[in-house]
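Coordinates in review
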Amino acid sequence: MRNAYRLLLIGGNSTMKHTISVLVENKFGVLARIAGLFSGRGYNIDSLSVAETTDPTVSRMTIVVRGDESIIEQITKQLNKLVDVIKVQDYAGMPFLERELILVKVHTSAQTRPEIMQIADIFRGKIIDVDHSSLTIELTGTSDKIEALLDLLKPFGIRELVRTGKIAIARK
Amino acid sequence: MKGCEIVIDALLKEKVEVIFGYPGGAIMDVFDALYESPIQFFLTRHEQAAAHAADGYARATGKVGVCIATSGPGATNLVTGIATAYMDSVPIVALTGQVPTPMIGNDAFQEADIVGITRPITKHNYLVNNVDDLPRILKEAFLIASTGRPGPVLIDLPKDVQKAESGVAYPTKVELRGYKPTYEGHPQQIKKAAQEIAKSKKPVIYAGGGVIGSEAAGELKEFATKTGIPVTTTLLGLGAFPETHELSLGMLGMHGTVYANYAIAESDLLIGIGARFDDRITGKLSAFAPNARIIHIDIDPSSLHKNVKVDVPIVGDVRCVLKELNKIVKRCDTGAWLKTIAVWKKKHPLVYERKDGKLRPQFVIEALREITGGDAIVVTDVGQHQMWAAQYCKVVKPRSFLSSGGLGTMGYGFPAALGAQAGFPKKLVVVISGDGSFQMNIQELTTAVNCNLPVKVLILNNRYLGMVRQWQELFYKGRYAATCLARNISCPKICDGKAKKCPPYVPDFVRVAEAYGAVGFRVMKEKDVRPTLKAAIKTPKPVVMDFVVEQEENVFPMVPAGATVQEMIKGVELV
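Residues numbered from 1 in each chain as written. Chains lettered and ligands numbered in written order. Predicted model: local features only at pLDDT ≥ 70, side-chain atom pairs only at ≥ 80, totals over all residues. Heavy atoms only, no water.

Right, let's talk about the sheet that holds strand β11 (residues 293-298) of chain B for a bit. All names here are of chain B. The strand order across the open sheet built from six strands is β9-β8-β7-β10-β11-β12, with neighbouring strands paired in parallel fashion. What marks the edges here is a single partner per strand, and that holds for β9 (248-251) and β12 (312-315). Taken pair by pair, the neighbouring strands of this sheet meet at an average axis angle of 15 degrees, ignoring direction. In this sheet, strand β10 (residues 269-273) lies alongside strand β7 (residues 203-207) in parallel orientation, the contact comprising five bridges. Residue Ile205 lies in a different strand from β10, and its bridge partner there is Ile271. Packed onto the sheet, helix α8 (residues 187-199) meets β10, β11 and β12 and runs at close to 140 degrees relative to β12. (Pairing = 2+ DSSP bridges. Helix = DSSP H or I, 4+ residues; strand = E, 2+ residues; numbered from the N terminus. Axes fitted to C-alpha atoms, helices over the stretch in contact; angles between N-to-C directions. Contact = heavy atoms within 4.5 Å.)

Our focus in this paragraph is the interface of chain A and chain B. Taken together, the contacts link 22 residues of chain A with 21 residues of chain B. Here chain A and chain B share an interface that buries about 1800 Å² over both sides, 48% of which is from carbon and sulfur atoms. Glu25(A) is the salt-bridge partner of Arg177(B), the closest N and O atoms lying 2.8 Å from each other. Counting the contacts that link chain A with chain B gives eight residue pairs in polar contact (both at pLDDT 80 or more). Contributions of two or more residues to the side of chain A that touches chain B are made by α1 (2-11), α2 (30-40), α3 (69-81) and β4 (85-90) of chain A. A per-element tally of the side of chain A that touches chain B places α3(A) first, with six residues. In terms of residue class, the side of chain A that touches chain B is made up of nine nonpolar, five polar and eight charged. (Buried area = accessible area lost by both parts, 1.4 Å probe. Salt bridge = Lys/Arg side-chain N within 4 Å of Asp/Glu carboxyl O. Polar contact = N/O pair within 3.5 Å; in protein donor to acceptor, adjacent residues only side chain to side chain. Nonpolar A, V, L, I, M, F, W, Y, C, P; charged D, E, K, R; others polar.)

Another point: unusual backbone geometry. With the exception of glycine, the majority of residues adopt a negative phi angle, and the majority of peptide bonds are in the trans configuration. Residues and elements named next belong to chain B. With an omega dihedral of 0 degrees, the bond running from Val506 to Pro507 counts as a cis peptide bond. Inspection of the secondary structure assignment puts Pro507 in the loop between α20 (466-475) and α21 (509-515). The step from Phe556 to Pro557 runs through a cis peptide bond, and the omega angle for that step is 0 degrees. By the element assignment, Pro557 lies in the segment after β18 (543-548). Despite not being glycine, Asp107 has its phi angle at roughly 55 degrees, a positive value. The residue Asp107 is located in the loop between β4 (92-98) and α5 (114-118) in this model.

Let us now look at the packing of aromatic side chains. Here the structure, examined in full by the defined rule, presents 15 aromatic pairs over all chains. Ring centres 5.2 Å apart and planes at 20 degrees place the aromatic pair Tyr91(A) and Phe96(A) in the stacked group. Here Phe96(A) falls in the partly exposed class, since its relative accessible area comes to 26%. The structure contains a cluster of three or more aromatic residues connected by ring pairs, namely Phe414(B), Phe438(B), Tyr505(B) and Phe509(B). The ring centre of Phe424(B) lies 4.4 Å from the NZ or CZ of Lys427(B), which sits over that ring. The ring of Tyr464(B) is capped by Arg469(B), whose NZ or CZ atom sits 5.5 Å from the centre of that ring. (Phe/Tyr/Trp six-rings, centres within 6.5 Å; stacked < 30°, edge-to-face > 60°. Buried < 20%, exposed > 50% of the residue type's maximum accessible area, 1.4 Å probe, protein only. Lys NZ or Arg CZ within 6 Å of the ring centre and 35° of its normal.)

Structure, rendered in structure tokens:
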């Protein structure tokens, strides 16, 4: 927090993406509390993913938010204030690994199919379904990698895209 | 035990003596269990009043206030009271009935998702699904409400849970892994604060409701007198430091004293204690205390750095931190600074027009202050009268001035006063209200009379929603839209308030009071103010005093919203 504050003094109002990991009680209503905190205070969530941890009484939420340092500071403090929140960790400024999963259905024809399969292969994507006019690719990776694939697939026509939102883990 | 009995058992174990509420279908079992219990129950005439009464009880006594209502409309009627308590960090526990668990979500009769509705206005809330969880939840609720930064907690009790049997005992202790408020301040930060204080030449203490909440008025007084630093308080901080003390600057902010606001503007060190740098305090943020280093002591980490940048943040309980700080601080070199302030105090005291013989609201409050000697518990509503009360009550003791600050809830005063009176049956409890605010919970005259809660209500009746009218006069070209309370259907559409003939004012508060079985007085002249107040205080019943005061009196000084101290409107000048 102190580092964040120093940045505020030096860097001004630069808006940055932050990946925040939140350990919460695995109880009903907790997601609504977190979502309500963000909407009620006007913070934007870029993505959110939730699942149980190895301890079935605890869930982990990985939240990607955007905001200047003072907003991120408020977000982490407000999260910490919730009784059902056990731990909040902002991964900014520390080494961490992140992944997203997408399922993307791309329009194909007999002519374009080989090229699309080749692109998927380069990205180590998996073809998980195919029919006469489309192909469904599964891909995991960082947001950058996923954006790069989607960029290449766009000219062929993306019929449907399902994206999980980011999950992340600290390296230490 | 049945769920409903577990509830009453828990209340007794938590030493709850009084409850305010209103029954209904979905909470009947709890009321049934309450029927023969030693807890004193106060039946209000509206659930909102029950929540405010619990709040007033909590603010006056320092204990947790408890209110209870049924599902659906009963629960939603509590909402304003809960939000009021949340904004001002008041510990209350609200119990609501709920439709039976199998019916939840079916749009059943009198069903409302009150846990969803109150999520952003409670510190925490619970829907009890299993009666075996109930003892733990009740224990947690009282712990959460009363510790850390206090606040309201709501427990929603489905009817089948109230009826279900459980053998689980009431826990003596609960452990919440996500809730660990910090009480002790960081020693290094406290040391740093002491160094800043030693260096400063023009320090000011800015104390808020947190000082009262943590019972730190004694520590604050020691801190101020030991260092020789002047103290200004927020509205909620009134009583945290005796306003009769020479180091007191009174209230700061939008309607604060000129000298308090000048002192902040000129200060080189601002010590915020249990206060949150609210917009009614700071005005234009970029021009607030421009030359000051800032120390901020608060138990809520999210209060720090929220509105202003802080040089020495200290997270901790105000009392714990001040105790440590008092061990190491020394007298500051504030002689010249206090002289400067004394000049401002002399030049810009709180004043109002006294020469024309008209009955002014400030005069009524000064008379009340003189007669009670600061011994009464004063509870205010919201509006002009609230600000005059804050300016002229000269509060000397903590928990003797109760007011809705954060939410600014009109209608708070009267029911909150009933709560305070329930907590202190022998003390004099006075409501300072306006003719607008009082009508928002006027039905509680029944509660006051039937429960023998002899509060004294002063209505400073200016026939206007005065604060809004003041803003209309100052910022909306005198267009008095919907603020005249005397207005009726016969009035012209456009009226600047200068009409020769106005309709008779409705209601006649004296006759209203009498209709409820209370006592009513009307006062039109200055000379009748003191005798009436004295007579009211002697009357062992609830009394309503209708002071028909100057209509267009304004609250000054005033720093307009979002403005700077330089833009302050000072009002009447001493001649």
